Amino acid sequence: MHKEKALIEIPLAGLVQGTHEFDFTCKARDFRDQQFTDAGFTDEVHVRATVGKREREVTVAIEASADADFTCDICLSPVSKTLDGTFCIYYVCGEPPEEEQIGDEEYRILDSNAIAIDITEDVRETLLLSIPMKVTCPDNPECRLYRSEEVDQAAQPEETSSWHESLEKLKNKYC
């Protein structure tokens, strides 16, 4: 990311203790990241940050959502999906917490003189991690593969063979 002006920044100066909510909306192209636009994000990115400020700790819960354009992995038709992701970050002023307290949470050290927290990179990573591994369009009538499977399954009655009956007897015996 560029170190110019932060795209998504939470102001800390003048923030009193308690819980605060911030809403941000920006364009995907404002991230200036080729990987982000190549992933299919082309429209607006909506971010809600819930900030809990305490004496020496700041907790930031990020909820990000954006529309992404993909192609179906089966029929190659265009598919648009809204992707959502969440992430929670714990900022500690001063020394880091002890190792046994950390667990799976994301702890970061915050300078006591910091006036803002830049969460742009965290939002970008959260949305990139929300991209599904396979994109399909089961509701699209152009995608014939799913429709033919559903018809075939509905047309074939369930056959019972001797091993099905044996398996059922074993199941009844031990259950």
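Residues numbered from 1 in each chain as written. Predicted model: local features only at pLDDT ≥ 70, side-chain atom pairs only at ≥ 80, totals over all residues. Heavy atoms only, no water.

Caption draft 1: Focus on the pattern of salt bridges. In total, this model carries 6 salt bridges according to the counting rule given. Here Lys 27 and Glu 44 are joined by a salt bridge, their closest N and O atoms 3.8 Å apart. Of the two residues, Lys 27 sits in strand β2 (residues 18-27) while Glu 44 sits in strand β3 (residues 41-53), which places them 17 residues apart along the sequence. With a relative accessible area of 30%, Glu 44 lands in the partly exposed category. Asp 122 is paired through a salt bridge with Arg 108; the nearest N and O atoms lie 2.8 Å apart. In this pair, Asp 122 sits in helix α3 (residues 120-129) while Arg 108 sits in strand β6 (residues 106-110), placing the two residues 14 residues apart along the sequence. A single salt-bridge network, built from bridges that share partners, covers Glu 21, Asp 23 and Arg 48. (Salt bridge = Lys/Arg side-chain N within 4 Å of Asp/Glu carboxyl O. Helix = DSSP H or I, 4+ residues; strand = E, 2+ residues; numbered from the N terminus. Buried < 20%, exposed > 50% of the residue type's maximum accessible area, 1.4 Å probe, protein only.)

Caption draft 2: Region of interest: the side chain of Asp 122. The class for Asp 122 is buried, based on a relative accessible area of 5%. When near neighbours in sequence (up to four residues on either side) are disregarded, Asp 122 contacts Ile 62, Phe 87, Ile 89, Tyr 91 and Arg 108. (Contact = heavy atoms within 4.5 Å.)

Caption draft 3: Highlighting the packing of aromatic side chains. Across all of its chains, the model carries 4 aromatic pairs by this definition. Here Phe 31 and Phe 36 contribute two aromatic rings whose centre-to-centre distance is 4.7 Å and whose plane-to-plane angle is 40 degrees, an arrangement assigned as tilted. In terms of burial, Phe 31 and Phe 36 fall into one category: buried. Each ring, one from Phe 36 and one from Phe 41, has its centre 4.6 Å from the other, and the planes form 10 degrees; the classification is stacked. A residue is classified by how much of its surface remains accessible, and Phe 36, at 0% relative accessible area, is buried. According to the relative accessible area criterion, Phe 41 is buried, its value standing at 1%. Here the aromatic residues Phe 31, Phe 36 and Phe 41 are joined through ring pairs into a cluster of three or more. (Phe/Tyr/Trp six-rings, centres within 6.5 Å; stacked < 30°, edge-to-face > 60°.)

Caption draft 4: The arrangement of the nonpolar core in detail. Phe 41, Val 45, Val 60, Ile 119 and Val 123 are the most contacted members of the largest nonpolar core, which has 37 residues in total. Every element with two or more residues in this core is listed here: β2, β3, β4 (57-71), β5 (78-93) and α3. For Val 45, the contacting residues outside a window of four places in its chain are Phe 24, Thr 25, Cys 26, Ala 28, Phe 31, Phe 36, Ser 65, Ala 66, Val 123 and Leu 127. (Core = buried A, V, L, I, M, F, W, Y, C linked by side-chain atoms within 4.5 Å.)

Caption draft 5: Representation of the confidence of the model for the chain within the structure. Predicted confidence across the chain gives a mean pLDDT of 78, with 75% of residues reaching 70 or more. Here helix α4 (residues 144-155) is the element of the chain with the lowest mean pLDDT, 48, and β2 is the one with the highest, 91. A low-confidence stretch, residues 145-152 stays under pLDDT 50, and its non-local contacts, those more than four residues away or across chains, total 5 contacts. (pLDDT = per-residue confidence, 0-100.)

Caption draft 6: The pairing of β4, seen in detail. Bridge analysis of β3 against β4 gives 10 bridges, and the strand direction is antiparallel. Note on β4: the bridge partner recorded for Val 47 is Ala 64. Alignment of β4 against β5, held across 15 bridges, turns out to be antiparallel. The residue bridging Glu 57 from the neighbouring strand is Val 92, located in β5. The turn joining β4 and β5, which pair antiparallel and follow one another in sequence, is formed by 6 residues; a positive phi near 65 degrees is taken by Leu 76. (Pairing = 2+ DSSP bridges.)

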